Amino acid sequence: PDEGRIRISGISLFDKAEGIDLKPEERRIGMVFQDARLFPHMRVAANLAYGAKSRGNSVDPQALDRVTKLLGIDHLLKRYPGRLSGGEKQRVSIGRVLLASPRIMILDEPMTSVDRERRDVVLPFVLDYCSSANIPVLLVSHDTADVARYCQKTIQMRDGKTL
């Protein structure tokens, strides 16, 4: 931004007046896109560990076990992304972000490729996980049922304008 201030949980990511402008890799913003953006040359296990390793940390084995089991991807750790379904890729993408210990998570239609049965387990898990870790979540969704069920605050937009 050219002006203003962006703070998450009391930490300034950007503040024009204070001269603060953290590099993207220092902001710890976990982003899950509609399409899983996995590294095709890395197995699922390496994709999951990537976020933590890029910050110089290793993945906590207990967290890895918990996240992979609840996302239903624990049996996929040795596979390459090209051998996964769309829903499996999306769940790996979500797991990678969770294991990177973000300050905030931005979920852009994260359940698009996930079947309804798995979606009803995965989305509540992600939101509960973030709530217990005090991680704010911005959920972008066209699914009004999900928004009504899971969101504390909502902003409805149409044609780029807030309604």
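Above this text you will find the structure in question.
Below or above, wherever it landed, is the structure these notes cover. All values derive from a computational prediction rather than experimental measurement.

1. Remarks on helix H4 (residues 86–99)
Item 1. Taking 1.5 Å per residue, 14 residues should reach 20 Å; H4 reaches 20 Å between its end C-alpha atoms and fits that length.
Item 2. Across the 14 residues that make up H4, a large majority, twelve, are buried.
Item 3. Of the residues making up H4, those classed as buried are Gly87, Glu88, Gln90, Arg91, Val92, Ser93, Ile94, Gly95, Arg96, Val97, Leu98 and Leu99.
Item 4. Ser101, located one to two residues past H4, shows a positive phi value of around 55°.

2. Some points on the sheet that holds strand S1 (residues 5–8)
Item 1. Read across the sheet, three strands follow the order S1-S2-S3 without closing on themselves; strand pairing throughout is antiparallel. The sheet terminates laterally at S1 and strand S3 (20–21), the two strands that pair on one side only.
Item 2. In the sheet, strand S2 (residues 11–15) pairs with S3 via two bridges, with the strands oriented antiparallel. The partner of Phe14 across the bridge, within S3, is Asp21.

3. A word on the environment of Gly87
Item 1. Looking at the element boundaries, Gly87 is found in helix H4.
Item 2. In the structure, Gly87 is positioned 75 residues away from Ser12 in sequence and 35 Å away in space, judged by C-alpha atoms.
Item 3. When neighbours within four sequence positions are excluded, Gly87 is seen to be in contact with Ser113 and Val114.

4. Details of helix H5 (residues 116–132)
Item 1. Across its 17 residues, H5 extends 24 Å between first and last C-alpha, which sits within 8% of the 24 Å expected from 1.5 Å per residue.
Item 2. The complete set of buried residues in H5 reads Arg119, Val122, Leu123, Pro124, Phe125, Val126, Leu127, Tyr129 and Cys130.
Item 3. On its buried face, H5 sits against helix H3 (61–71), H4, strand S5 (104–108), strand S6 (137–140) and helix H6 (144–150).
Item 4. At the C-terminal side of H5, Asn134 shows a positive phi close to 60°.

5. Focus on the pattern of salt bridges
Item 1. Counting across every chain of the model gives seven salt bridges.
Item 2. For the salt bridge of Asp21 with Arg27, the shortest nitrogen-to-oxygen distance reads 3.4 Å.
Item 3. Residues Lys69 and Asp65 are paired through a salt bridge, measuring 3.3 Å at the closest nitrogen-oxygen approach. With Lys69 and Asp65 both in helix H3, this residue pair falls four residues apart, about one helical turn.
Item 4. When salt bridges with common partners are traced through the structure, they connect Arg116, Arg119, Asp120, Asp143 and Arg149 into a single cluster.

6. Brief notes about the packing of aromatic side chains
Aromatic ring pairs are described here by two measures, namely the spacing of the ring centres and the angle between the planes.
Item 1. Under the counting rule described, the total for this entry stands at two aromatic pairs.
Item 2. Plain terms: the ring middles of Phe39 and Tyr50 are 4.6 Å apart, the flat faces sit at 55° to each other, and that makes the pair tilted. Highlighted residues: Phe39 in the loop between strand S4 (29–32) and helix H2 (44–54) and Tyr50 in helix H2, separated in sequence by eleven residues.
Item 3. Overall, Phe39 belongs to the partly exposed group, its relative accessible area being 27%.
Item 4. Residue Tyr50 is classed as partly exposed on the basis of its relative accessible area of 37%.
Item 5. Between the aromatic rings of Phe125 and Tyr129, the centroid separation amounts to 5.7 Å while the plane-to-plane angle is 55°, which identifies the pairing as tilted.

7. Points about the environment of Leu139
Item 1. With respect to the secondary-structure elements, Leu139 resides in strand S6.
Item 2. Accessibility expressed as a relative area gives 15% for Leu139, which makes it buried.
Item 3. With 29 residues separating them in the primary sequence, Leu139 and Pro110 have C-alpha atoms 8.3 Å apart.
Item 4. Discounting residues that sit within four places of it in the chain, Leu139 has contacts with Leu107, Pro110 and Cys151.

Parameters at a glance
Residues numbered from 1 in each chain as written. Predicted model: local features only at pLDDT ≥ 70, side-chain atom pairs only at ≥ 80, totals over all residues. Heavy atoms only, no water. Helix = DSSP H or I, 4+ residues; strand = E, 2+ residues; numbered from the N terminus. Expected span 1.5 Å × (residues − 1). Buried < 20%, exposed > 50% of the residue type's maximum accessible area, 1.4 Å probe, protein only. Pairing = 2+ DSSP bridges. Contact = heavy atoms within 4.5 Å. Salt bridge = Lys/Arg side-chain N within 4 Å of Asp/Glu carboxyl O. Phe/Tyr/Trp six-rings, centres within 6.5 Å; stacked < 30°, edge-to-face > 60°.

Nothing here speaks to function; it is all geometry.
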